[in-house]
Amino acid sequence: MSVTRLFTSKGEELSLGPILGKGGEGSVHQINEDSNRVAKVYHKIPDGDRQEKLRVMASLGDADVRKFVAWPVETLHVSRGGPVRGFVMPTAGACVPVHQLYNPGHRKQEQPQLSWKNLLVMARNTADAFAAVHQRGLVVGDVNENSVMVAPNSGHVMLIDADSFQVNADGRFFPCLVGVPDFTPPELHAVGDFGRMVRTANHDNFGLAILIFQLLLGGRHPFAGRPLRNDVGNDMSIDISGFRFADALDNSNRGLVPPPTAVPMTILPAIIHGMFTQAFTEPGIQRRPTAREWVSALDKLGPQTAVCHANSHHAYPAHVRACPWCSLDSSGIVHFVKAQVAAKAQAARVTIAALWAQISGSSQYAGNRVQPITSSCGRR
Ligand SMILES: Nc1ncnc2c1ncn2[C@@H]1O[C@H](COP(=O)(O)OP(=O)(O)O)[C@@H](O)[C@H]1O
Ligand SMILES: [Mg+2]
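Below is a short write-up of the structure. (Residues numbered from 1 in each chain as written. Chains lettered and ligands numbered in written order. Predicted model: local features only at pLDDT ≥ 70, side-chain atom pairs only at ≥ 80, totals over all residues. Heavy atoms only, no water.)

**As for the layout of surface pockets**
In step 1: Estimated volume of the largest pocket: approximately 760 Å³.
In step 2: Together, 31 residues line the largest pocket, and Gly21, Lys22, Val28, Asn146 and Ile160 are the ones closest to its centre.
In step 3: If you list the elements that add at least two residues to the lining of the largest pocket, you get strand E2 (13–22), strand E3 (26–31), strand E4 (34–42) and strand E6 (84–90).
In step 4: Here the lining of the largest pocket is composed, by residue class, of 14 nonpolar, 10 polar and seven charged.
In step 5: Formed jointly, the lining of the largest pocket draws a minimum of three residues from each of two domains, domain 1 (5–90) and domain 2 (96–330).
In step 6: What the second largest pocket holds in volume is close to 340 Å³.
In step 7: What lines the second largest pocket is a set of 16 residues, and nearest its centre among them are Glu25, Pro46, Asp47, Arg50 and Leu177.
In step 8: Listed by contribution, the elements that provide at least two residues to the lining of the second largest pocket are helix H1 (48–59) and strand E11 (172–174).
In step 9: Two domains share the lining of the second largest pocket, each providing at least three of its residues, namely domain 1 (5–90) and domain 2 (96–330). (1 Å grid on protein atoms, 1.4 Å probe; cavity = no way out; pocket = protein on both sides within 12 Å on 5 of 7 lines; lining within 4 Å. Points joined across faces, edges and corners; volume = space filled by probe spheres on them. Helix = DSSP H or I, 4+ residues; strand = E, 2+ residues; numbered from the N terminus. Nonpolar A, V, L, I, M, F, W, Y, C, P; charged D, E, K, R; others polar. Domains from an automatic or database assignment.)

Here it is, written out as structure tokens:
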């Protein structure tokens, strides 16, 4: 039977609203009494360890982590004092999964107002969120393209699925039991059971570098490309375990090179290329660039960007002579909507809203002001 009301550990009764999203372990609902918070309800009653993990997490109150993470704030129970069935956390509000922003097709359709500079801010803020998590001795573990949520216009980042994090607190250790192969570092691909191992920040830093790569370089995965041999390009897990980074300086030995239509690595300064190489090749097992190091490198890159005269959405690092986005445009690969076209698209959305207001007789429409399509993540 589906759950419609639950009780917090303090006995407060909450009624569940519509489902906002569904995952492998649970569904996330609106809470009718509180629009700033949402409830994750597990598909079945979690085991004792997970119940204890949630109790411990809800009792930890680190402001820095809560700034970036939809952290559990209350456990939820089917009956007052009964077993934990879920938890309350802040809403991710207007944030969208990061893959909807680094994927050029989706971005152009849904967020045409965004430029490469916005993506740079998102990459920097993703690293900042990971840095806050690592600073507290936590490990994300299950890094993936759905668990990083971003507010499109502000670039604010919020990590969700915190109940999967590896948590070490109050003398208790709670492992992260899951992982997605495309974001799992080479040294963990042979691990059969994540429940038996201790994950580290250095493991997270592999997935973090992948997300940064995808945001800065047109959405491509660093281990996707044109295979040079039959044994390459068939299985992402095997290519990651074999360190087949398509942009490695010795990539032809590794058997994989970037596809001809790829955004070239040369748009980024050599130092950033070096950081990716460190993250995706053999030395990374010992040490990958940390989240804090990414924040600092990307912060330096921000003021060094140039903006194209033809299209203000074409930002790029100033060491590049000619606008790389114009050059890709001319070969038919458009990454960013022209600024003027994007402005028209936004205005059209307001016009549609105005029309709807007239038809429905609503008094909500506030004149001809162009509204941002989305603003920021929910209140924390
Ligand atoms: N704090 C949140 N605010 C709004 N929606 C959320 C929030 N957390 C999760 N969701 C939505 O619920 C979905 C499932 O959540 P997730 O924690 O990833 O579930 P699972 O652990 O079961 O895979 C997410 O993909 C997202 O759409
Ligand atoms: Mg989960």
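Don't stop here, the text continues.
**Observations regarding the sheet that holds strand E9 (residues 157–159)**
Strands pair in a sheet through their backbones, by hydrogen bonds, and they do so in one of two ways: parallel or antiparallel.
In step 1: Taken together, the three strands give an open sheet; going across it, the order is E7-E8-E9, and neighbouring strands pair in antiparallel fashion. Because the sheet does not close on itself, it has two edges, and the strands there are strand E7 (96–97) and E9.
In step 2: Here strand E8 (residues 148–150) pairs with E9 via three bridges, running antiparallel. Within E9, the residue paired with Met149 across the bridge is Met158. (Pairing = 2+ DSSP bridges.)

**A short note on the coordination of the magnesium ion (ligand 2)**
In step 1: For the magnesium ion (ligand 2), every protein donor is listed as Glu25 (OE), Asp161 (OD), Asp161 (OD) and Ser164 (OG), and the spread of their distances is 2.2 to 2.7 Å.
In step 2: Its relative accessible area of 32% is what places Glu25 among the partly exposed residues. (Donors = N, O, S within 2.8 Å, 3.2 Å for Na, K, Ca; no water. Buried < 20%, exposed > 50% of the residue type's maximum accessible area, 1.4 Å probe, protein only.)

**What about the sheet that holds strand E5 (residues 74–77)?**
In step 1: Judged by pairing direction, the barrel is antiparallel, and its six strands sit side by side in the order E1-E2-E3-E4-E6-E5 before closing back on the first. Each adjacent strand pair in this sheet contributes to an overall mean axis angle of 45°, direction not counted.
In step 2: Here E5 pairs with E6 via four bridges, running antiparallel. Paired with His77 across the bridge in E6 is Val84.
In step 3: On top of the sheet, H1 reaches E4, E5 and E6; it is set at about 30° to E6, its chief contact. (Axes fitted to C-alpha atoms, helices over the stretch in contact; angles between N-to-C directions. Contact = heavy atoms within 4.5 Å.)

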